[in-house]
Amino acid sequence: MLQELYEFFKPHLLPLLYAAVIVLVLPLLAGYVVLLERKVMADMQARLGPMRVGPHGLLQPIADALKLLIKEDIIPESSDKWIFWMAPLLSVTAGMLAMAALPFGPVFQIAELNVGLLFILGISSMGIFGIVLGGWASNSHYSLLGAMRSSAQLVSYETAAGMAVVSAVILGGTLSTRGLVEIQAQKHVWFFFLAPIGFFLYLVASIAETNRAPFDMPEAESELVAGYMTEYSGFRWALYFLAEYTNMIVVASLATILFFGGWLRPFPNVHALNFLDYLPMLLMLLVAGYSLYRAPKQPVAIQKMVMAAVAGLCFLLAVALALPQFAPAGTLLASMKPGLHGAFWFLLKVGIYLYTFLWLRFTLPRYRFDQLMKLGWHFLIPVSIVNVFGVGITVYLSRSTDEGGMGWSVAAAVALTSVVTLLAAAWLAKKGEHEPAPPATPESV
Amino acid sequence: MTDFLNSGFRKTDLNSDANMEQNVETTVLGADEIIINMGPQHPSTHGVLRVKLKLDGEKVVDSECIIGYLHRGVEKIAEHRTYQQFAPYVDRMDYVAAVSNGLGYCEAIEKLLGVEAPPRARVIRTILTELQRIASHLVWLGTHALDIGALTPIFYCFREREEILKIFEKYCGARLTTHAFRIGGLQYEAYDELEKDTERFCNDFEHKVDEYETLLTSNRIWLGRTKGIGVISGEQAIAIGATGPVIRASGIQWDIRKAAPYAAYDQYKFDIPTGKNGDTYDRYMVRMEEMRQSTRICLQAIQNIPTGPIMARVGKVLKPPPGEVYHAIEAPKGELGYYVVSDGTTQPYRVRIRPPSFVNLQAFDTMVKGHLVADVVAIIGTLDIVLGEVDR
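Reading the values: rules and limits
Residues numbered from 1 in each chain as written. Chains lettered and ligands numbered in written order. Predicted model: local features only at pLDDT ≥ 70, side-chain atom pairs only at ≥ 80, totals over all residues. Helix = DSSP H or I, 4+ residues; strand = E, 2+ residues; numbered from the N terminus. Rg over C-alpha atoms; globule rule 2.2 N^0.38 Å. Buried ≥ 20, exposed ≤ 12 C-beta atoms within 10 Å, placed from the backbone. Contact = placed C-beta atoms within 7 Å. Domains from an automatic or database assignment. Nonpolar A, V, L, I, M, F, W, Y, C, P; charged D, E, K, R; others polar. Arc of directions from axis to C-beta. pLDDT = per-residue confidence, 0-100. Core = buried A, V, L, I, M, F, W, Y, C linked by C-beta atoms within 7 Å. Pairing = 2+ DSSP bridges. Axes fitted to C-alpha atoms, helices over the stretch in contact; angles between N-to-C directions.

Across its full length, chain B holds 17 helices and 8 strands. On C-alpha atoms alone, chain B measures out to a radius of gyration of 22 Å, which is about the 21 Å that the 2.2 N^0.38 rule sets for 392 residues. Viewed in the frame of its principal axes, chain B has a C-alpha envelope of about 75 × 55 × 35 Å. The buried share of chain B, reckoned over its 392 residues, is 52%. Excluding contacts between residues fewer than 6 apart, the proportion of contacts in chain B whose partners are at least 24 apart in sequence is 69%.

Here's what the structure looks like:
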């Protein structure tokens, strides 16, 4: 009996373990993305950012989470209590479910689906229900306006994002997330180089989809106070926050898989660049060394200890990345290399993608709602349709070449279709522009 | 209490929506118009302005500004203070431009007394007032950009404003509500490095303005959010009595520094920037240019600060002859006027203050009609109101 049970669960043990890791680590990761955001923001705004809790604010996310946990849980009297209670859970669940089909490396993946991409797109759109229901259940005008904006925005940009994803699917010929990365390995080229415009369309659409600035209409704090989460507080509010950052990680992972070769090292097949394999451990060593160097400079003893612990952690990671690299081939250790290094490259690429999110957020003013809709329907969707045709033509033109990678004919085809798409985009942008008012010139007396 | 409320003192009960609700109409899609309250506690009403908006979807059909949440009775207080005692109170009206408020008040009383501040005092007053104009415009720029969603400029603006506040601190010990001037001149002699500090600041600041402009001026999103938003024509602006950058952006060249020079403004060369369209973008451009012109005035002024006394001969006890006087200056936000009536005693009989924010706020209803909720905050920002001054 026990034996049978074990046999039944045996294939599911590893996925279950992975799922547990994701559920446990993701909130922490989201917390540290918030810290990263605050630090990047501070850097761009000529200030320091969180510095008090832990050295350089390293324990701030934990303190924030604790604070939110013990806050009073307020449910407004006039709200629809059940829906108010359920809405944030819906958002978080959708975000976490989408993670199931993401390959964080050649090994680390909960479920390998042959329609993984479709699954991720479908499930992550479910998160909007949490926002709309939460805004509606709050029974407040600001929440309602935020929820309305959010739903309209997501519906509009989902189309453009989907079209951008299609361009990668055409190139890969599969809907499996793992398959997409493997095909990029076979073809010796990231799809970014074959469909650059597709990537930029996805970048814009994914920012809009995750409600991030400059498209953060649903929660524009200067207009709608906090949009759909105005009435939320404490841990329920934190769940919305978690959902937002989970969604960010999901779209960043998706972009990495679709356009940047997922867990692949840059130029995985060029042996002359094999030294790049040493980069992960060197990077971790560098971080460890810097932390160790900063440790004695911390003002308080406990901060010195935390900083030393950070250094130790980074050193351990460096060792973990180094051991499989130097282990003799064929041993168990050496077989762990693709998994560990894959995860490193994957997270690095996700991090860079997230950084562009933050960068844009702190640089650009916010769109107005009607302008956002116009951008979505009159510009992004037409351009993404043209782009799909362009990618199709690229595939057609380069089908006869056996060069695999970036042969000259493929490069020419990409350049040609990109230029055509850009021309179409420029024409659309020109057409969409309303009569600009004559510029104001300061006149002297 | 209820008697008071029912006595007809208030025509409408401000705390109910009944007034507006009578006019709620059903819109094309069959949905009702909704009424939302923006403020007095709202992140972007710049203090305690309350705006009641009637919305059709997100479009503003009707609006009503409700003020008075920061009323402190400044004008009434004046009637129970001596002329000198009242001077610090005016700093608390437009608290981001305290120096300008003080200048207007001191000059009004000097006019009433028939004395004139010595040339040295007048030049130092001009320098500090122009620095204050820059500081006030920096606060406006930062908060305006923040309202429109640009998170970063406010930190750059406050970084530069800090330098100005440091100059104030070195001069008179206070940073925000400075009480920098006295009736008849100045209490404090300029500190040794005032010229050097001002020169350093002005020379650096020109590049800083360029820096803000690279972030905003030709940014497509910024253009989309400000061009054609909150348009007010020159005639309309004159009709409601708008002044300052609001009227200049509508193409009217009206600046009291040129029209009726005070302090030492007649000695310096500067331009009055004007716009054409009277929209939010033009007001932005006008204020940006005004900051440049202010540095120009400061740089001219420090070249030649006359020597001599800093205080005119006024007695310890001020007893202006009976009479009345109106004196206006060009504060950062527009015409700041003081109408002072003296009955020959040590206390003013009446002080009436014409605050620019209060008058400019009247343009709000005209500007906002037909725009979206997002534009409401842009328009509140572009009017550059300070509620301490609106409510007094």
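A word on the domain arrangement of chain A. Residues and elements named next belong to chain A. Each assigned domain of chain A is listed with its residue range as follows: domain 1 (12-264) and domain 2 (272-358). Once you take the C-alpha centre of each, domain 1 and domain 2 turn out to be 25 Å apart. Contacts between domain 1 and domain 2 engage 25 residues on the former and 18 residues on the latter. Among the secondary structure elements, those contributing two or more residues to the side of domain 1 that touches domain 2 are helix H1 (2-44) and helix H10 (234-259). Sort the elements by how many residues they give to the side of domain 1 that touches domain 2 and H10 lands first, with 6 residues. For the side of domain 1 that touches domain 2, a count of residues per class yields 18 nonpolar, 5 polar and 2 charged.

This paragraph deals with helix H6 (residues 177-187) of chain A. All names here are of chain A. Residues of H6 that are buried: Thr177, Arg178, Leu180, Val181 and Gln184. Taken end-on, H6 shows its buried residues confined to a sector of 165°, consistent with a single buried face. Check the buried side of H6 and you find it contacts helix H4 (116-137), helix H5 (141-172), helix H7 (191-194) and H10. Just downstream of H6 lies histidine 188, where phi reads positive at about 60°.

What follows covers unusual backbone geometry. In terms of backbone geometry, most residues other than glycine have negative phi values and most peptide bonds are trans. All names here are of chain B. Positive phi outside glycine occurs at histidine 179, with the angle close to 50°. Mapping histidine 179 onto the fold places it in the loop between helix H7 (153-172) and strand S4 (181-182). On the neighbour-count criterion, histidine 179 (18 C-beta atoms within 10 Å) is partly exposed.

Residue and element names in this part refer to chain B. On average, residues of chain B score 84 in pLDDT, and 91% of them are at 70 or above. In the model, residues 1-19 has pLDDT below 50 throughout and makes 6 contacts with residues more than four positions away in sequence or in other chains. For this predicted complex, the interface confidence comes out at an ipTM of 0.75, alongside a pTM of 0.80.

The next subject is the nonpolar core. If you look at the biggest cluster of nonpolar residues, it comprises 220 residues, and the most contacted ones within it are Ala205 of chain A together with Val376 of chain B. Counting residues per element, this core draws most heavily on H10 of chain A, at 17 residues. If we ignore the near neighbours within four places in the chain, the residues touching alanine 205 of chain A are Tyr157, Ala160, Ala161, Ala164 and Leu380 of chain A.

Either a parallel or an antiparallel arrangement is found when strands of a sheet pair, and the pairing is made through backbone hydrogen bonds. All names here are of chain B. With respect to topology, 3 strands assemble into an open sheet ordered S6-S7-S8, the strand pairing being antiparallel. Edge positions in the open sheet fall to strand S6 (323-331) and strand S8 (348-354), since each of these has one partner strand only. The sheet shows a mean angle of 15° between the axes of neighbouring strands, taken without regard to direction. Where S6 and strand S7 (residues 334-342) come together, 9 bridges link them in antiparallel fashion. Residue pairing across strands places histidine 327 opposite tyrosine 338, the latter belonging to S7.

Residue and element names in this part refer to chain B. Taken in spatial order, the 3 strands line up as S1-S2-S3 in an open sheet, and their pairing is antiparallel. The outermost strands of the open sheet, each flanked by one partner alone, are strand S1 (34-38) and strand S3 (59-66). Averaged over all pairs of adjacent strands, the angle between their axes in this sheet comes to 20°, without regard to strand direction.

Relative to the elements of secondary structure, alanine 213 of chain A occurs in the loop between helix H8 (196-209) and helix H9 (221-224). Sequence separation of alanine 213 of chain A and proline 365 of chain A is 152 residues, and the distance between their C-alpha atoms is 7.9 Å. Filtering out sequence-adjacent residues up to four positions away, alanine 213 of chain A remains in contact with Leu360, Arg361, Leu364 and Arg366 of chain A together with Gly149 of chain B.

Before going further, it helps to examine the domain arrangement of chain B. By a widely used convention, the size of an interface equals the accessible area lost when the partners come together. All names here are of chain B. For chain B, the domain assignment lists domain 1 (2-66) and domain 2 (74-391). When each unit is reduced to the centre of its C-alpha atoms, the spacing between domain 1 and domain 2 is 32 Å. In this assembly, 15 residues from domain 1 lie in contact with 17 residues from domain 2. Listed by contribution, the elements that provide at least two residues to the side of domain 1 that touches domain 2 are strand S2 (50-56) and S3. Here the element with the most residues in the side of domain 1 that touches domain 2 is S3; it accounts for 4 residues. Here the residues of the side of domain 1 that touches domain 2 sort into 8 nonpolar, 5 polar and 2 charged.

This part takes up the environment of leucine 285 of chain A. Residues and elements named next belong to chain A. Looking at where leucine 285 falls in the secondary structure, it is placed in helix H11 (residues 279-294). Note on leucine 285: 18 C-beta atoms within 10 Å, which makes it partly exposed. Linking leucine 285 and serine 140, residues 145 residues apart in sequence, is a C-alpha distance of 51 Å.

In this section: the pairing of S2 of chain B. Within a regular strand, side chains alternate between the sheet's two faces. Residues and elements named next belong to chain B. Pairing geometry for S1 and S2, over 5 bridges, is antiparallel. The partner of asparagine 37 across the bridge, within S2, is lysine 52. With 7 bridges connecting them, S2 and S3 associate as antiparallel partners. Looking across to S3, one finds that aspartate 56 is bridged to lysine 59. In this antiparallel pair of consecutive strands, S2 and S3, the connection spans 2 residues, and glycine 57 shows a positive phi of 65°.

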